[in-house]
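# Coordinate inspection notes
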Amino acid sequence: MSRLQAEHLYKVFGRRPDDAVRRLESGADRDELRADGTTAAVIDASFTVEPGQIFVVMGLSGSGKSTLLRMLNGLLEPTAGRVLFDGEDITHLTPRKLRDVRSKKISMVFQHFALFPHRSVLENAAYGLEVQGVPRKERERRATEALRLCGLEGWEKSWPDELSGGMQQRVGLARALATDADLLLMDESFSALDPLIRRDMQDQLLELQKTLQKTIVFITHDLNEAMRLGDQIAVMRDGRIVQIGSSEDILVRPANDYVASFIQDVDRSRVLTAGAVMEPVEGSADAVRAAAPATVGKDTPLVELFALCAAAEAPVAVADAAGEVVGQVTRTRLLASLGEEGGAAEAAPVPHQRDEAATEPAKQHDEADLKAAEPEDAKPGKDEKSAGDAKSDVKQDEKAVEGVKPDEGDADDAEEVPANA
Ligand SMILES: Nc1ncnc2c1ncn2[C@@H]1O[C@H](COP(=O)(O)OP(=O)(O)O)[C@@H](O)[C@H]1O
Ligand SMILES: [Mg+2]
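As the structure is a prediction and not an experimental result, all values here were calculated from the model.

The rules behind these values
- Residues numbered from 1 in each chain as written.
- Chains lettered and ligands numbered in written order.
- Predicted model: local features only at pLDDT ≥ 70, side-chain atom pairs only at ≥ 80, totals over all residues.
- Helix = DSSP H or I, 4+ residues; strand = E, 2+ residues; numbered from the N terminus.
- Buried ≥ 20, exposed ≤ 12 C-beta atoms within 10 Å, placed from the backbone.
- Contact = placed C-beta atoms within 7 Å.
- Pairing = 2+ DSSP bridges.
- Axes fitted to C-alpha atoms, helices over the stretch in contact; angles between N-to-C directions.
- Parallel < 35°, antiparallel > 145°, perpendicular 65-115°, else oblique.
- Left-handed = near helix turned anticlockwise from the far one by under 90°.
- Nonpolar A, V, L, I, M, F, W, Y, C, P; charged D, E, K, R; others polar.
- pLDDT = per-residue confidence, 0-100.
- Near = placed C-beta within 6 Å.
- Core = buried A, V, L, I, M, F, W, Y, C linked by C-beta atoms within 7 Å.
- Domains from an automatic or database assignment.
- Arc of directions from axis to C-beta.
- Expected span 1.5 Å × (residues − 1).
- Right-handed = clockwise from strand over helix to strand, strands pointing away.

When you go through the protein residue by residue, the secondary structure sums to 21 helices and 13 strands. Here the protein holds 421 residues, and 42% of them are scored as buried. Sequence separation of at least 24 residues holds for 72% of the intrachain contacts in the protein that already meet a minimum separation of 6.

Printed below as a string of structure tokens:
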């Protein structure tokens, strides 16, 4: 069974949303609805995420990514369509059951880490467990382990403002991992980080994923990040998913000109693999293996074939997981595969990614969400507190935690943000 399944999800903001869905179903687009003051944030999104997969949703800002993500954890109710989590329709759970699922099975990591400034790193990492009511010893043990996994061993007693941005984001990640939730929802989690630190975080996530095998929905407006992380990538445009596939699928077979224009700048040699470009062996597999400068696995990126192809005339042999030679890559094939435009040559112009990043309105949404959701006296922020003040502040935070216990009425969104952000 798929861990997560979205079926024909729609989210329309504004008047008469059901009407709008009917119009969208019969082919209307965003712009037509916008004329009536209605925003179609997500239009007919369907996909499945398998256990252990990293599913990336990629698109320019405003394309509907965050709205889609919020429907996945029940924070926003779809205008139409369903979300199945382990086969269970979360769009029709009672509020209580939904909160339970959200606090135990789903963790969210935001772009702005939203740590509590006057709680230690350890207490921050343990926060989600505290909300779940896990006893102190147990939650400290689990939070310590999560911090260790995120490379923060030895920082448990520090305060968030003693940490760099990258380290703070690691605490956010540790907080999400500590709860043992299987599903991690990450909304532009690395987008605020400097490029080198961002790359580090991507590596760390991939490394963690090898052992933890979480199911992850990762949102980004950065195609390179999408390609590095995603087992599957959904490309969104104007509320619709325009293509779903592996990075290779998207690179080799872009669904339309829009996707093609996105992938122009991608370093194909790092995304394409020997298995994707290989040709059938000429003659016997044994002879090809014997003559080849090397035999490589199907998932070897092309960038690793250059030196081999330069060193010998004979093609590189490509073997499957069982070690059997199943194809070959010649010099000519290698060069040709790097030059292929993958179909749509006349790409439609799209706003440049970097410009979009600079004006990312999604940030504002998240910040607005945080503000709306925070318990008043637990507002993460930049107020300067010295370590000496900490004790009394912890008390305050505990009150704040009380305020967002899953069982308490309308604290619905409140538990969401600090528990996972
Ligand atoms: N609460 C809301 N009310 C009205 N419009 C919204 C709301 N949230 C998002 N939108 C609109 O929906 C569209 C998609 O937004 P969003 O999901 O935040 O995109 P992304 O995360 O891809 O930047 C945008 O046009 C945005 O302005
Ligand atoms: Mg967003």
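Below, the discussion takes up the sheet that holds strand 3 (residues 54–59). Sheet architecture is open: 6 strands sit in the order 6-7-8-3-9-10, paired in mixed fashion. This sheet does not close on itself; its edge strands, each paired only once, are strand 6 (106–109) and strand 10 (240–245). Neighbour-to-neighbour, the strand axes of this sheet turn through a mean angle of 15°, independent of strand direction. Both strand 3 and strand 8 (residues 215–220) contribute to a ladder of 5 bridges, which runs parallel. In the sheet register, Phe-55 faces strand 8, and the bridge partner there is Val-217.

What follows is about the packing of helix 7 (residues 136–149) against helix 8 (residues 165–178). Each packed pair of helices is defined by two parameters, the angle between the axes and the distance between the axes. In contact at an axis separation of 8 Å, helix 7 and helix 8 are set at 130° when each is read in the N-to-C sense. Taken as axis vectors, helix 7 and helix 8 run oblique relative to one another. As for how helix 7 packs across helix 8, the hand of that crossing is right-handed. Each of Arg-142, Ala-143, Ala-146, Leu-147 and Leu-149 in helix 7 lies in contact with helix 8, whose residues at this interface are Ala-174, Leu-177 and Ala-178.

Moving on: the packing of helix 8 against helix 9 (residues 195–212). Helix 9 packs onto helix 8 with a crossing angle of 25° between their chain directions and a minimal axis gap of 10 Å. With respect to helix 9, the element helix 8 is oriented roughly parallel. Read as a crossing pair, helix 8 and helix 9 show a hand that is right-handed. Side by side, helix 8 and helix 9 meet where Gly-165, Gly-166 and Gln-169 of the first sit next to Ile-197, Asp-200 and Met-201 of the second. Of the residues that constitute the contact of helix 8 with helix 9, the class distribution is 2 nonpolar, 3 polar and 1 charged.

On to the sheet that holds strand 12 (residues 316–319). Spatially, 3 strands are ordered 11-12-13 in an open sheet, and the strand pairing comes out mixed. The open sheet terminates on both sides in strands that have one partner only, identified here as strand 11 (295–297) and strand 13 (325–329). Taken over all neighbouring pairs, the strand axes of this sheet differ in orientation by 35° on average, direction set aside. Bridge analysis of strand 12 against strand 13 gives 4 bridges, and the strand direction is antiparallel. Opposite Ala-319, over in strand 13, you have Val-325 as the bridge partner.

In this structure, Asp-86 takes a positive phi of about 50° despite not being glycine. A residue is classified by how many C-beta atoms lie within 10 Å of it, and Asp-86, with 16 of them, is partly exposed. Although it is not a glycine, Glu-188 adopts a positive phi angle of roughly 50°. Here Glu-188 shows up in the loop between strand 7 (183–187) and helix 9. Exposure remark for Glu-188: the 25 C-beta atoms within 10 Å place this residue in the buried category.

This part is about the confidence of the model for the protein. Across the protein, the average pLDDT comes to 81, with 80% of residues at or above 70. Within the model, the stretch residues 342–421 combines pLDDT values under 50 with 127 contacts to residues more than four positions away or in other chains.

Another aspect to go through is the site of ligand 1. Around ligand 1, a shell composed of 13 residues is seen, among which Phe-13, Ala-41, Lys-65, Ser-66 and Thr-67 lie nearest. Mapped by element, the contributors of at least two residues to the shell around ligand 1 are strand 2 (39–49), helix 3 (65–72) and helix 19 (362–373). Per element, the largest residue contribution to the shell around ligand 1 is 3 residues, and it comes from helix 3. For the shell around ligand 1, a count of residues per class yields 3 nonpolar, 9 polar and 1 charged.

Moving on, we come to the nonpolar core. The biggest cluster of nonpolar side chains holds 99 residues, and the ones touching the most others in it are Ala-125, Leu-147 and Ala-174. Built from parts of two domains, this core gets at least three residues from each of domain 1 (4–266 + 354–420) and domain 2 (272–339). In this structure, Ala-125 is in contact with Ala-143, Ala-146, Leu-147, Val-171, Ala-174, Arg-175 and Ala-178, ignoring residues within four places of it in sequence.

Turning our attention to helix 4 (residues 95–104). Within helix 4, the full set of buried residues consists of Arg-99, Arg-102 and Ser-103. On an axial view of helix 4, the arc spanned by its buried residues comes to 90°, and they lie on one face.

Quick look at the environment of Ile-241 now. With respect to the element layout, Ile-241 can be found in strand 10. The buried category is assigned to Ile-241, around which 23 C-beta atoms lie within 10 Å. With residues near it in sequence (within four places) discarded, Ile-241 still touches Ala-45, Phe-47, Ala-234, Val-235 and Met-236.

Moving on to helix 8. With 14 residues, helix 8 extends 20 Å from end C-alpha to end C-alpha; this agrees with the ideal 20 Å at 1.5 Å per step. Burial in helix 8 covers these residues: Gln-168, Gln-169, Arg-170, Val-171, Gly-172, Leu-173, Ala-174, Arg-175, Ala-176, Leu-177 and Ala-178. One or two residues past the end of helix 8 sits Asp-180, with phi positive at roughly 70°.

So, about the pairing of strand 10. When strand 9 (residues 232–237) meets strand 10, the two strands line up antiparallel, connected through 5 bridges. Note that in strand 10 the partner of Ile-233 across the bridge is Gly-245. Taken together, strand 9 and the strand that follows it, strand 10, pair antiparallel across an intervening segment of 2 residues, in which Asp-238 is found at a positive phi of about 50°.

This part takes up the pairing of strand 7. The element strand 7 is extensively covered by neighbouring structure, given that 5 of its 5 residues are classed as buried. Side chains Leu-183, Leu-185 and Asp-187 project from strand 7 onto one buried face, and the interleaved Leu-184 and Met-186 project onto a second face that is buried too. Pairing between strand 7 and strand 8: 5 bridges, direction parallel. For Leu-183, the partnering residue across the bridge sits in strand 8 and is Thr-215. Traced from strand 7 through helix 9 to strand 8, the parallel crossover comes out right-handed.

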